[in-house]
Amino acid sequence: MRSNIEALPKISFDLGGVVSLNQSFAPAGTIFSQGDTAETLMYIQKGRVKLSAASETHKEAIVAILGPGEFLGEACLGNQNIRVRTATAIAPTTLLVIERNEMIRALHADHALSYCFLSYLLSRNSRLEEDLIDQVSHSGERRLARALLLLAGKGNRSKFHRFAGISQETLATMIGTTRPRVNFFMNKFRKLGFIKYHGRHDQNGEIHIYTSLLAKAFRE
């Protein structure tokens, strides 16, 4: 089965007619916690957010890493009244926080916004399906390559992209393997010229990804 290693298509949202509140979070800041009441959704203006869920044995599973132009907490628009995930900033992050009823009002009033939001949700659902395919059908090496490309974003594949705030431990949890395996693959990618490090080799250092090379190497 073929795995899609493209990022979500860029969708431009005009939220000028939506009443919202700006909130900022430092790295490691908790935006909301699993079990909280779900009354708002958020639009990421800048930064990165980790969505995770904890089991009864307190084992954490990373559900997604979200970036600018993406929503979180949108399940409150349905019948979900309790947060089923924890959202944590992993970089300096600025959000537009929108009350549930205000977003429902805006979606009814603005057809263009409704269309963009529906397109976004469908694209995100497709990515979740690809994540599942990746977990059951592909090697850890390929899963890591896909995760790095998604984190880098679609952008211009002829250039390199960089990001910080994501450790090898986080990458291992995202793709369902161990940190030593991620370290092995990252060293391999570095020797092949797909990535390079700038600064420390942890969440405090930057990872530079040569997206065109990495995508070409793992294209089927």
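Requested: an account of helix α5 (residues 179-191), with residues and values cited.
Its 13 residues place the ends of α5 18 Å apart at the C-alpha level, agreeing with the 18 Å of an ideal helix rising 1.5 Å per residue. Looking at the packing, one finds that the buried side of α5 touches α3 (140-152), α4 (168-175), β10 (195-198), β11 (206-210) and α6 (211-217). The first or second residue beyond α5 is G193, which carries a positive phi of 85°.

Explain the sheet that holds strand β1 (residues 21-25) to me, and be specific about the residues and the numbers.
Across the sheet, four strands lie side by side as β1-β8-β3-β6; this open sheet has antiparallel pairing. Strands with a single pairing partner mark the edges of an open sheet, and in this sheet they are β1 and β6 (71-72). By the bridge criterion, six bridges tie strand β3 (residues 40-46) to strand β8 (residues 93-99) in an arrangement that is antiparallel. Its bridge partner being in β8, Y43 is matched across the sheet by L96. Most of the contacts of helix α1 (residues 100-109) go to β8, to which it runs at about 80°, and overall it touches β3, β6 and β8.

Hey, could you go over the side chain of R143 for me, with residue numbers and the actual values?
Secondary-structure assignment places R143 in helix α3. If we skip the residues at most four places from it in the chain, R143 touches D134, Q135, H138, I175, G176 and T177.

Explain the pattern of salt bridges to me, using residue names and the numbers behind them.
Close approach of charged atoms allows side chains of opposite charge to pair. The full count for this structure, using the stated rule, is four salt bridges. The closest approach of N and O atoms between K50 and E60, which form a salt bridge, is 3.5 Å. Of this pair, K50 sits in strand β4 (residues 49-54) while E60 sits in strand β5 (residues 60-66); the two residues are 10 residues apart in sequence, bridging distant segments of the chain. K50 gets classed as buried once you look at its relative accessible area, which sits at 15%. Note that K188 and E141 form a salt bridge whose closest N and O atoms lie 2.8 Å from each other.

Go over the side chain of R124, please, and point to the residues and values.
With respect to the helices, strands and loops of the structure, R124 is situated in helix α2 (residues 111-137). Here F71 takes part through its backbone oxygen, which lies 2.6 Å from a polar atom of the side chain of R124.

Kindly report on the packing of aromatic side chains, identifying the contributing residues and their values.
On inspection of all chains with the given rule, the structure shows eight aromatic pairs. On the basis of an interplanar angle of 90° and a centroid distance of 5.1 Å, the ring pair of F71 and F117 is categorised as edge-to-face. Remark: F117 occurs in helix α2 and F71 occurs in strand β6; sequence separation between them is 46 residues. In this pair, the class of F71 matches that of F117, namely buried. Aromatic side chains F189 and F194 sit 6.0 Å apart centroid to centroid with 50° between the ring planes, which places their arrangement in the tilted category. Residue F189 shares its accessibility class with F194, and that shared class is buried. Members of the aromatic cluster, joined through ring pairs, are F13, Y43, F71, F117 and Y120. Above the ring of F32, the side-chain terminus of R83 is found at 4.2 Å from the ring centroid.

Give a description of the sheet that holds strand β7 (residues 86-89) that names residues and reports values.
Spatially, four strands are ordered β2-β7-β4-β5 in an open sheet, and the strand pairing comes out antiparallel. Edge strands, defined here as strands with exactly one partner in the open sheet, are β2 (30-32) and β5. Averaged over all adjacent pairs, the angle separating strand axes in this sheet is 30°, with direction ignored. Two elements, β4 and β5, share six bridges in a ladder whose sense is antiparallel. In the sheet register, S52 faces β5, and the bridge partner there is I62.

Parameters at a glance
- Residues numbered from 1 in each chain as written.
- Predicted model: local features only at pLDDT ≥ 70, side-chain atom pairs only at ≥ 80, totals over all residues.
- Heavy atoms only, no water.
- Helix = DSSP H or I, 4+ residues; strand = E, 2+ residues; numbered from the N terminus.
- Expected span 1.5 Å × (residues − 1).
- Contact = heavy atoms within 4.5 Å.
- Pairing = 2+ DSSP bridges.
- Axes fitted to C-alpha atoms, helices over the stretch in contact; angles between N-to-C directions.
- Salt bridge = Lys/Arg side-chain N within 4 Å of Asp/Glu carboxyl O.
- Buried < 20%, exposed > 50% of the residue type's maximum accessible area, 1.4 Å probe, protein only.
- Polar contact = N/O pair within 3.5 Å; in protein donor to acceptor, adjacent residues only side chain to side chain.
- Phe/Tyr/Trp six-rings, centres within 6.5 Å; stacked < 30°, edge-to-face > 60°.
- Lys NZ or Arg CZ within 6 Å of the ring centre and 35° of its normal.

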